Amino acid sequence: MIIQGCSSQPTSGPRSCFSTFFLLPNSNRYSFKKRATTLKHELDVVSCRFNSPSTNFRIQALEANKLDGVKAEGSRTNLQYDHLTWPSPSDKVPFWKREFPSWDISDSGHVDIRKDSDPIHIIHVTAEMAPIAKVGGLGDVVTGLARACLVHGHTVDVFLPFYECINKQRIKELTLISTYGSYHDGSWIPTNVYRGVVFGIPVVFIEPTNHFFKGQSVYGGSYDELEAYLFFSRACLEWLQVSATQPDIIHVHEWQTAGLPLLYWDMYQYLSLQKPRIVLTIHNLEHYGECRQEQLNKCGLDGSAYATEEKAMDDRTIGHNPERLSLLKGGIVYSNAVVTVSPTYLKETLYSGWLAATLIRHRDKYFGILNGIDTAIWNPATDAFLPAKFDANQIEGKKICKLYVQRGLGLVPEEQDSAKVPLVVCITRLVAQKGLHLITNAIRHVEALNGQMIILGTAPDARVGSEFEGLAQLHNEGSSIRILQMYSEELSHMLYAAADIVLVPSIYEPCGLSQMIGMRYGAVPLVRKTGGLADTVFDMDDQSHSEIANGFVFEGIDEGSLNCTLDRAFSFYREKPNEWRDTVKKVLQMDNSWNNAAGKYIDVYNNVRVEHH
Ligand code: ADP
């Protein structure tokens, strides 16, 4: 059946129904015992080759096999870490690619959490899910929120495109359920639907038998992404219809699935789906799903019917030929509730940006809920990727993690105690939003301050990639800076655990997970005051908020503002070691889990669902 679009506004469509709420096999086996008995200081020049997806680059690393730096903790931790195989830049297999113990957090729920008495069935329709299809925070959020809701007693499924790049070994109980047809551009595409379990979450994988979602990465395949995600959005609804599944809530995310609310209210609601209500989360307003009318036609809707200011017209294109649509705007208009990922970002989106007018118009169904992090996935006390575990009561393991990473990357300082050299870590997509000029400036300033810095990031833009490649060639041979252009979940865990400071100098940041994950691993955040960073990091030198002070904050977008703050942080680290240690313990104890935030989402779900008892 081909259904062309219905141009009428949904009769029982989006309503504002809110009242009140708002780690072998290497030649360099060092044990602490060995190192404690070896007093010979030798300096090896070793070279290593890191494999990055974009390029291979050579590091001439000075590896100081010095013992001074670890004697203190080495004597304490001698027995515990005696069998640790220390990495070296000359390892054939880089330390983050070693075999790790199997990692399954499926059962690590919060047993003490009371189940909600009135369970909700929630289906997330998303382009990303951690860890199997994660590019950035979206993947973390979907997995974390889904797990938190499951723990609260709700029924949760995640619908995900079956990207060719997904490592199927990471999916439990993967089973082909059915093959059905879903509409695209005048024909019905045979589509496979699989079920599987990821981190305890039931996942439905949608696999069209055409070229959509083929390629070696989640994004950037050689297919039209907009059309592929429109297809996916409809295929999810089509599967719900074919399988006679009517969840209470369909939770869509970002522009990729923001076309689903239009398809629901103007098509499937007139077929057999009546019960679901739609919640849209905007993780980043920069991506708005620019869509030509004829592209929307391809999913079976009438594109011209949405070309009004009240519906999905891209306001910036009014008067242009052709005028275009924005899937995200349409999603805002057509969803029952719209959530963005921090209270401060909510304000920012109402004050500026071309979607502000639409958001203001729908203010009564628009909420700011600060993201959480999944504290089972991100847990330094149990993390399978860490050479040593730690928590707030036993933080010695963090020193081992730092030394491990330093040795693995050839960053062990020549003269000083490694613990006295502040290690700054920045794990990020290398895009303008993240403050690229501030990141490159930090490299220079940290080096000038005799600190160390590691950047782990990927650059979707080739020009940015080659700029950082140039910086890597300039700095990676020294003993203070490493620029690693690649994506590695394993290395990210190790870096957070090794870091003294996690740097997030974003120009804007809807929420930001890096600073929260960093804190969970005892890294003190140094951030720019914007969006969710402003909601989660409070400056140590702000006496009016000393009880919540947990990091270093700057406001300007200029290099000077960042430099001053790096100076302050480094002085604090070097001059007040006891206070620094207290701060590390403080951030390790902070609760940025989903416990709180999931409750707020559940309130939103309850306020829009039908048949609410
Ligand atoms: P965004 O969603 O804008 O990318 P967030 O801070 O919300 O930023 O989330 C980023 C997530 O992606 C974090 O979990 C971070 O650790 C992870 N991440 C970013 N770049 C990499 C990388 N190169 N390798 C591994 N993890 C990365």
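Heads up: the structure comes first, above all this text.
I will try to describe carefully the structure that is included in this document. Bear in mind that the values here come from a model prediction, so they are computed numbers and not experimental data.

The next subject is the environment of L260. With respect to the helices, strands and loops of the structure, L260 is situated in helix α5 (residues 260–266). Distance in space between the C-alpha atoms of L260 and Y334 is 8.9 Å, their sequence separation being 74 residues. Setting aside residues no more than four positions away along its own chain, L260 makes contact with V125, S233, C236, L237, I250, V252 and I278.

The environment of the ligand is formed by 19 residues, the closest being G137, D140, R429, K434 and Y496. Here an oxygen atom of the ligand sits 2.6 Å away from a polar atom, N or O, in the main chain of G137. Between K434 and the ligand, the recorded distance is 2.7 Å, taken from a side-chain N or O atom to an oxygen atom. Relative to its unbound accessible area of 570 Å², the ligand is 93% covered by the protein chains. Those elements that provide at least two residues to the shell around the ligand are α3 (137–151), β14 (423–429), β15 (452–458), α13 (489–498) and α14 (514–520). By residue number, the principal contributor to the shell around the ligand is β14, which donates three residues. Looking at the shell around the ligand residue by residue, the classes come out as seven nonpolar, eight polar and four charged.

Take the side chain of S326 next. Within the secondary structure, S326 is located in strand β11 (residues 325–326). With relative accessibility at 0%, the residue S326 sits in the buried group. With residues near it in sequence (within four places) discarded, S326 still touches Y288, G289, A312, D314 and W354.

The strand order across the open sheet built from nine strands is β5-β6-β7-β4-β3-β8-β9-β12-β13, with neighbouring strands paired in mixed fashion. Here the strands that pair on one side only, and so sit at the sheet edges, are β5 (172–184) and β13 (366–368). Pairwise comparison of adjacent strand axes, ignoring direction, gives a mean angle of 25 degrees for this sheet. By the bridge criterion, four bridges tie strand β9 (residues 277–282) to strand β12 (residues 337–340) in an arrangement that is parallel.

Right, let's talk about the pairing of β15 for a bit. Of all seven residues making up β15, six are buried, and the element is well covered by its neighbours. Relative to β15, β14 runs parallel, the two sharing seven bridges. Note that in β15 the partner of C426 across the bridge is I455. In terms of strand pairing, β15 meets strand β16 (residues 481–485) through five bridges, oriented parallel. Residue G457 lies in a different strand from β16, and its bridge partner there is Q485. Taken together, β15, helix α12 (residues 462–475) and β16 constitute a β-α-β crossover, and its handedness is right-handed.

Rules used throughout
- For every chain, the first residue of the written sequence is number 1, and numbering continues from 1 along that sequence.
- For a predicted model such as this one, the threshold for reporting local features is a pLDDT of at least 70, and the threshold for listing and counting side-chain atom pairs is 80 or more; totals across whole chains, interfaces and linings nevertheless cover every residue.
- Note: side-chain values were computed over all heavy atoms of the structure, leaving out hydrogens and water.
- For the purposes of this entry, the term helix denotes a DSSP run of H or I that reaches at least four residues, the term strand denotes a run of E that reaches at least two, and both are numbered from the N terminus.
- The contact criterion used is simple: two residues touch if any of their non-hydrogen atoms lie within 4.5 Å.
- Only a single heavy atom is needed: when it lies within 4 Å of a molecule or strand, its residue is near that molecule or strand.
- Definition of a polar contact: a pair of N or O atoms within 3.5 Å, with one able to donate and the other able to accept a hydrogen when the atoms are protein atoms, and with sequence-neighbouring residues admitted only if both atoms are side-chain atoms.
- For the accessible areas, the method is Shrake-Rupley and the probe is 1.4 Å, while residue cover comes only from the protein chains on display.
- Under the scheme applied here, ten amino acids are nonpolar (Ala, Val, Leu, Ile, Met, Phe, Trp, Tyr, Cys and Pro), four are charged (Asp, Glu, Lys and Arg), and all others, including Gly, are polar.
- Think of it in three bands: residues with accessible area under 20% of the maximum for their type are buried, residues over 50% are exposed, and the middle band is partly exposed, with areas taken using a 1.4 Å probe on protein chains only.
- In short, DSSP must find at least two bridges between two strands for them to pair.
- Think of each axis as a best-fit line through the C-alpha atoms, taken over the contacting stretch in the case of a helix, with angles from 0 to 180 degrees between the N-to-C directions.
- Looking down the strands as they point away from the viewer, one classifies a crossover as right-handed if the path from the first strand across the helix to the second runs clockwise.

That's the geometry; what it means functionally is another story.
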